[in-house]
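Overview (structure and organization)
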Amino acid sequence: MTSGPGYIVAEVTVHDAETYDQYVERSGPVLEKFGARLLAHAFPAAGELVVKEGGRTFERLVIVQFDSLDRVTEFYHSPDYQAVIGLRHESAESHVYHLAGVDS
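Let me begin by describing the structure that accompanies this report. Remember, it's a predicted structure, so these values are computed and weren't measured experimentally.

1. Focus: the layout of surface pockets
Of the pockets and cavities examined, the largest pocket occupies roughly 410 Å³. Y23, S27, L31, V62 and V64 are, among the 22 residues lining the largest pocket, the residues nearest its centre. Those elements giving two or more residues to the lining of the largest pocket turn out to be β1 (6-14), α1 (17-33), β2 (37-42), β3 (60-66), α2 (69-77) and β4 (92-100). Split by residue class, the lining of the largest pocket holds 15 nonpolar, four polar and three charged.

Set out below in structure tokens:
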């Protein structure tokens, strides 16, 4: 277990905006329930994010903070989130990372 914050970082490219909007709408209350805080939602095309190395291509980057990595895991595997995750899978291509932050 870590004592620092936990994060979800997601690189997302949406191919069905209507379904993805449903995912965002329905996942928001679940994130709130688990005490998550949206730190960034950046779009490279809008100049909000610049990929300097690695050649990754994606439409948006999302960073969400939780109290701990354990809380990230609880959120991700919760019945509430599992009930909506399929909407993201159906509507977007994504790379999702769970990571431990450092204790400051």
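Next comes the rest of the account.
2. Let's talk about the environment of V30
Mapped onto the secondary structure, V30 falls in helix α1. We classify V30 as buried; its relative accessible area is 8%.

3. Topic: the side chain of E11
Mapped onto the secondary structure, E11 falls in strand β1. What makes E11 buried here is its relative accessible area of 12%. At 2.4 Å, the side chain of E11 and the side chain of R56 are in polar contact. Only 3.4 Å separates the side chain of E11 from the side chain of Y97, close enough to count as a polar contact. Those residues within four positions of E11 in sequence are excluded, and the remaining contacts are R56, F58, R60, L61, E93, S94, H95 and Y97.

4. Section: the pattern of salt bridges
Proximity of charged atoms lets side chains of opposite charge pair with each other. By the definition in use, this model includes four salt bridges. For E11, the salt bridge identified is with R56, shortest N-O distance 2.4 Å. Of this pair, E11 sits in strand β1 while R56 sits in the loop between β2 and β3, and the two are 45 residues apart along the sequence. Of the charged contacts in the structure, one is a salt bridge between R60 and E59, with a shortest N-O distance of 2.7 Å. The exposure class of R60 is buried, given its relative accessible area of 13%. Judged by relative accessible area, which is 29%, E59 ranks as partly exposed.

5. Here's the deal with the environment of D16
On the secondary structure map, D16 appears in the loop between β1 and α1. Separated by 75 residues in sequence, D16 and S91 have C-alpha atoms that sit 4.7 Å apart. Of the polar contacts made by the side chain of D16, one reaches the side chain of T19; its length is 2.8 Å.

Rules used in this analysis
- Here the residue index of a chain counts from 1 through its sequence in written order.
- Where local features are concerned, this predicted model is filtered to residues with pLDDT of at least 70; where side-chain atom pairs are given and counted, the filter is 80 or more; whole-chain, interface and lining totals use all residues.
- With hydrogens and water stripped out, all remaining heavy atoms of the structure feed into the side-chain values.
- For each structure, a 1 Å grid was placed over the protein atoms alone; sets of points admitting a 1.4 Å probe that cannot get out are labelled cavities, open sets with protein on both sides within 12 Å along at least five of seven lines are labelled pockets, and lining residues have an atom within 4 Å of a point.
- Grid points are joined across faces, edges and corners, and a volume is the space filled by probe spheres set on the points.
- A run of H or I in DSSP counts as a helix once it spans at least four residues, and a run of E counts as a strand once it spans at least two, with each numbered from the N terminus.
- By the convention adopted, Pro, Cys, Tyr, Trp, Phe, Met, Ile, Leu, Val and Ala count as nonpolar, Lys, Arg, Asp and Glu as charged, and the other residues, Gly among them, as polar.
- Note on classification: 1.4 Å probe, protein chains only; a residue is buried when its accessible area is under 20% of the maximum for its type, exposed when over 50%, partly exposed between these limits.
- As used in this structure description, the phrase polar contact means that two N or O atoms lie within 3.5 Å; if the pair is within protein, one of them must be able to donate a hydrogen and the other to accept it, and residues adjacent in sequence are counted only when both atoms belong to side chains.
- In what follows, residue pairs with any heavy atoms lying within 4.5 Å of each other are defined as contacts.
- Salt bridge criterion: a side-chain nitrogen from Lys or Arg within 4 Å of a carboxyl oxygen from Asp or Glu.

These figures capture arrangement, not role.
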